[in-house]
4 protein chains.
Amino acid sequence: MEFAYSPKVQELQAVAMKFLNEEVIPAEARYQQEKQEIPQWDTPPVIDDLKKLAQERGLWNLFLPAGEQGLTNLEYAPVAEITGRSPWMMPEALNCSAPDTGNMELLHHFATDAVRDRWLPPLLRGEIRSVYGMTEPDVASSDARNISTRIDVDGDEFVINGRKWWSSGAMSPRCKVAIVMGKSNPEGGPHQQQSMVVVPLDTPGITILRSTSVFGYADSGHGGHAEVVYDNVRIPRENLLGELHGGFAMAQARLGPGRIHHAMRLIGMAERAFDLMCERSLSRFPFGKSIAEQGVFQDWIAEARIRIEQVRLLVLKTAWLMDTVGNKGAMTEISAIKVAAPAMATWVIDHAIQAHGGMGVSQDTPLAEMYEQARMLRIADGPDEVHKMSLARRELKRYRLTV
Amino acid sequence: MEFAYSPKVQELQAVAMKFLNEEVIPAEARYQQEKQEIPQWDTPPVIDDLKKLAQERGLWNLFLPAGEQGLTNLEYAPVAEITGRSPWMMPEALNCSAPDTGNMELLHHFATDAVRDRWLPPLLRGEIRSVYGMTEPDVASSDARNISTRIDVDGDEFVINGRKWWSSGAMSPRCKVAIVMGKSNPEGGPHQQQSMVVVPLDTPGITILRSTSVFGYADSGHGGHAEVVYDNVRIPRENLLGELHGGFAMAQARLGPGRIHHAMRLIGMAERAFDLMCERSLSRFPFGKSIAEQGVFQDWIAEARIRIEQVRLLVLKTAWLMDTVGNKGAMTEISAIKVAAPAMATWVIDHAIQAHGGMGVSQDTPLAEMYEQARMLRIADGPDEVHKMSLARRELKRYRLTV
Amino acid sequence: MEFAYSPKVQELQAVAMKFLNEEVIPAEARYQQEKQEIPQWDTPPVIDDLKKLAQERGLWNLFLPAGEQGLTNLEYAPVAEITGRSPWMMPEALNCSAPDTGNMELLHHFATDAVRDRWLPPLLRGEIRSVYGMTEPDVASSDARNISTRIDVDGDEFVINGRKWWSSGAMSPRCKVAIVMGKSNPEGGPHQQQSMVVVPLDTPGITILRSTSVFGYADSGHGGHAEVVYDNVRIPRENLLGELHGGFAMAQARLGPGRIHHAMRLIGMAERAFDLMCERSLSRFPFGKSIAEQGVFQDWIAEARIRIEQVRLLVLKTAWLMDTVGNKGAMTEISAIKVAAPAMATWVIDHAIQAHGGMGVSQDTPLAEMYEQARMLRIADGPDEVHKMSLARRELKRYRLTV
Amino acid sequence: MEFAYSPKVQELQAVAMKFLNEEVIPAEARYQQEKQEIPQWDTPPVIDDLKKLAQERGLWNLFLPAGEQGLTNLEYAPVAEITGRSPWMMPEALNCSAPDTGNMELLHHFATDAVRDRWLPPLLRGEIRSVYGMTEPDVASSDARNISTRIDVDGDEFVINGRKWWSSGAMSPRCKVAIVMGKSNPEGGPHQQQSMVVVPLDTPGITILRSTSVFGYADSGHGGHAEVVYDNVRIPRENLLGELHGGFAMAQARLGPGRIHHAMRLIGMAERAFDLMCERSLSRFPFGKSIAEQGVFQDWIAEARIRIEQVRLLVLKTAWLMDTVGNKGAMTEISAIKVAAPAMATWVIDHAIQAHGGMGVSQDTPLAEMYEQARMLRIADGPDEVHKMSLARRELKRYRLTV
């Protein structure tokens, strides 16, 4: 395990931190203001300004993996963490936000040339956005095998029928293309039933019904979380990603990086909350002395630091494992951070909220909205309970093999 | 301690439960729909329909205390609990919602005849709403002595200058009057500095700046939570409530019932969440068996029941104490339920959310919005930490006296 | 629900509290001293002195149920709570300690006349002690149906073969008789397989192997927790309790009161720990001010009070239910207190220990030994997990019936 | 941060693990047996046999720091972790147990030649043991400045008067020498009041009064935890360690390694408990399926693994920091692991106990005694609350410097 930040990474961290503090955080108020003034699902113009700045500063598409002259997971981690400090602005400003990053990776690795050339460049340039159609309202999609949307072969075409929700981003007018997972082979083995296809959102038969909110937040600046009906949607066969009936493996492969990126950003959210808690506790004097001098708050600050640092190290170890032995060899650690990072972040943010009183739950700090994002991540990409179950089974199997 | 529900109360419970199940819960979808269609801060018309029904069924102004031929706290508790099962509809439908109930009590007991006759009847009829101007953005108002809004005597008038926030309800066009607490006697003893006055909201000098949200909820159906500036607002001296400089005691007196009402409703919220969790766990089969058959969820269900029942008994004991020895004699218990009820409710609702997956955080169940209300109540009316501190000091004092 | 302590109970409380403070607590040092001086499993003589005093003061055999001109569960609760404040002295001093109380009830209700007349009077006089042979080392006896000790009919005799452990009290030379549960009917329905018999401990074939400790405590003053082998132990058929193959129902019936008695004593332990925590926090000044003035400890004191009071009310409700609708109607509540009381008590005692530093884990306060007793009760009479599972199943069943 | 285990360390790990599994764990029963047969405070002979084996296998005095051709903290960590799997045998078998390791370091660095030559060699050979006299019964010694034992200069001698407790090991007949901290300069600055001296235990004036137990355990195999009175104990001035009045700094310096060694061993204890929990859950079938297949236990197993791994990484980082920037630069991390490691270990062990039922609290597994050791470490060397307070203050200071 070698976690030290290389000089290259330290430089990148410094650039990203400077960008955060000088450009992004000062622009948060403008973001909120513009959201009041533009149509609900549009992207606030401030994001486009920040995108230009990020490109100028070499902070663009950093998620691209090492093989592409990009960063290893271990190198990307500290930068991704910094983006989490302003979670609804900075990841998108750097073109490193979910679900686009995962979708771009799928297009890069598994799309036919024509499809890749059509969709990947505008995504890499940050001109359009994309959606990942996985979760369904009627089944427990924590088990990917439950997915019931049909993708049927009909001559040179696929025909898609089904209903997806939590299609994050699809409300945005910039969102142009979906990657949809569906059942193409119901009689196949449990991991050979699903396929993944690329679906332009202007294809006839697609209806975007509505958006689901998260604790009252529409996440409108990011295109919300759409419920989408696919009714006899026809696409050419070349829109298949990878192998026919090979969707399950691609979905699993996509989740590893997705989960570690979320975990990295959660650490950044927790650090932002930590700073806000320190700031607040040093500046308020409710009963004659500062909150920072009161034992209960000191206890929170210490606990927060202890928890953050432990999760950070676990994420770094996971990144290092993914870089060195691959996602499969890091399955236990990926499950572990999937559980540990949101638990830590919700704890830290919740206590920062409490330290702020009424201001903490309001729009006057980013805390409440960060809480919502962190809380959601105890559910998204598989709830805690599913990850703990599979982690425990692996541990028990490992134990049996060692005794 | 005699907690048994009398026949009178049992009958009232049955009527309220029937009203909840037959009228209120089925109307929740209409409420959400109407909120989309009407101006943001207006009251959805369904509330007015429910108000009429509630009056017909004898479910009106039940909060009024025993002396007014109303209910004791112990009698009111089980009914208030039921209203908490649909917390943004049923309390208002019964004219039993905060802050109107506390304000009506203040007007009844402490207003001059003219002021009481002007404002109390329309409030009792549910025609107008009122606001309670207590919390301030710039001070830690968990200690009422910190309040810095000025109420100065100028001849026959009071002149008010200051800024309040979390003035819940003030965004509603129905909201017509405020009760404002402010400093009239800065040099007085710590509990003789504040006065309370009645301020019509159309008085010149009042500016309603904006509303603060709670997590992502605007609480728009209830008139939000306004930030209000008072700039040389002049009101006649007859608008004083009670004694000059006697505001602190009235504020304390108001909080006792307010806190127990919140605690009662929180139990109702938890029971609603508990039912939803049972329903969900019986109807989902993610890995071949129902969630209800899985050990982790059984653990949650059992824990939830154990926690709910303990808090209910503590609330009933507190109500009984308030009825028999008065609010002062119940101070320890009032602090205890102020802490215990939101802690229990957030725990139960959070687990119900987790059991629902993505649906749980969305608008498709009342869970996420109930969570926000319960979480807010760990802060509103004094944060947990302040209540625990004062509870501990009373316990230590009591201990010293007994040894 | 009527929980008020009647004048009769208040008087009893006063007598018991006076006995505790004037006789029992001052004698705790003598108890510890005598334990060093006498053979390991003997009863310290101070207990016999206290027994005489308790009889003189009308504090004897108070556990006897109402029908015997004794106390209802609700009346017994506050007295039993007081005994928990000195848990290894006062219950025995009042002849109200486990497992003798449950055994006496079984003998009273289910023994043949000859057997009852032989064993009950000396137990009621506190001259001998008894053991309850239920738990077995090789099976998960949280499910009584797993019990594998054989009780076979052979003519006019029963023949017992098996191994029991956690036979509390059996190491004491005063312990003269066991009530043993075993399988008499392996082919019967799940609840018709077991019988219960009375076994004099001097019957040939009984070997007391050793005692198991609890967190380092031998519980030697109480006769430890013996592992006992029954090897072709023959007893007359008249030693059967109740019906042949009817042991399961008796075991269940015995557990209800046993569990509530434990819960009551746990509240007493928590109160003792609470007092010690207050005492300590008022008398130590580690960093220039008393511990009692430090926020973290105030938080513990407040939390402790809130938790104790909630569990007490739940125990009182359970007692009231057992008195009014019987043990069956109180099954949910009995499970609830079985889980909630040890959880609360371990929390409170653990924090009291922490407040005492090194003294807290040592023999210089009763805290560490009380912790052990409370922790053990998360396992004894069925672990938490089993009680939560059955509680959840009843709740789910109830929910299904109401919707 | 470079945490990878070097080939040298991996080899050492393998040797230590082999020694644990083949020699130590199989000898645990003999250890318990011998403790019954020898005088209470004697060392069971099995320990001496293991010491010989450890020396033969190159597992001796591994705690010695890098400069002595020994191991860095990072190299020692994984070996120390392994010793924690059998915490009352393996550390002593390797001559790496507290307080001897810390005392040997003090003698090495700060003793005069004569004193060092007298005491260090027999300690390094494991022939004698030593005690560290720091904690006092009458003051809160979490603040070293409170220590009130007097060390007065009288000509060529020091005269010691005071009372210490928790002098671990002093009951053992092998324990020959104490390092005592006391006040030599009451009027000095807060960190210039204390001196440290070497006191042969056969010096006149020393009375070993008694031993304090920990949750019922006498820790007799390790010489217990003595209360020691120093009454006009006279020692030559050459027995001073380091500078006169310089004891505070040495005490602080000693604690850093002490705390990280404890943390490492706690991880080992948790791993042992984890293995026992896996073993138990795979071998018990209480309700027709193994415990390992039940959701609640899977949840515990997953949580345990997640917690253990996080603490291990934090300990490794701390060790790496101590190696690279020194103890001062690692103060935040040392406090963090001082809090996090016992919290994690008590959680894991407690759940392993619960999974074992009655066996878990008894002497039939090492769990209950490991729990006691882990719980004690939330108090020893400064309680959690003191470490959190100082950690929070450093964090707040750091925050102030960065904004």
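Residues numbered from 1 in each chain as written. Chains lettered and ligands numbered in written order. Predicted model: local features only at pLDDT ≥ 70, side-chain atom pairs only at ≥ 80, totals over all residues.

Let us now look at the interface of chain D and chain A. Each partner contributes residues to the interface: chain D has 33 residues there, and chain A has 33 residues. If you tally residues by element for the side of chain D that touches chain A, the top one is helix α8 (residues 295–324) of chain D, at 14 residues. Its residues placed into classes, the side of chain D that touches chain A shows 20 nonpolar, three polar and ten charged. (Contact = placed C-beta atoms within 7 Å. Helix = DSSP H or I, 4+ residues; strand = E, 2+ residues; numbered from the N terminus. Nonpolar A, V, L, I, M, F, W, Y, C, P; charged D, E, K, R; others polar.)

Okay, the relation of the copies chain C and chain A next. For the match of chain C to chain A, the screw axis carries a shift of 0.0 Å, the RMSD comes to 0.0 Å, and the turn is 180°. Put plainly, the chains are arranged around a two-fold axis. An overlap of 100% is found between the interface residues of chain C and their copies at the interface of chain A, pointing to a shared contact surface. (Least-squares fit on C-alpha atoms with pLDDT ≥ 70 in both.)

Bringing the interface of chain C and chain A into the picture now. Facing the four residues of chain C at the interface are four residues of chain A. Grouping the amino acids of the side of chain C that touches chain A by side-chain chemistry returns one nonpolar, two polar and one charged.

Moving on, we come to the relation of the copies chain D and chain A. Of the two same-sequence chains, chain D is brought onto chain A (RMSD 0.0 Å, axial shift 0.0 Å) by a rotation of 180°. By residue overlap, the copies meet face to face through one surface: 100% of the interface positions of chain D are interface positions in chain A.

This part is about the packing of helix α7 (residues 247–283) of chain A against helix α9 (residues 331–356) of chain A. Residues and elements named next belong to chain A. Viewed as axis vectors pointing N to C, α7 and α9 meet at an angle of 20°, and their least axial separation amounts to 8 Å. When the interaxial angle is binned, α7 and α9 end up roughly parallel. You can see that α7 and α9 cross each other, and the crossing is left-handed. (Axes fitted to C-alpha atoms, helices over the stretch in contact; angles between N-to-C directions. Parallel < 35°, antiparallel > 145°, perpendicular 65-115°, else oblique. Left-handed = near helix turned anticlockwise from the far one by under 90°.)

All names here are of chain A. Under the domain assignment, chain A is made up of domain 1 (7–104), domain 2 (130–245) and domain 3 (248–402). Of the residues lining the interface, 17 residues belong to domain 1; the matching set on domain 3 comes to 23 residues. Counting only elements with at least two residues in the side of domain 1 that touches domain 3, the list comes to α1 (7–37), α3 (73–83) and α5 (100–110). Ranked by residue count, the leading element in the side of domain 1 that touches domain 3 is α3, at seven residues. Looking at side-chain class alone, the side of domain 1 that touches domain 3 contains seven nonpolar, seven polar and three charged residues. (Domains from an automatic or database assignment.)

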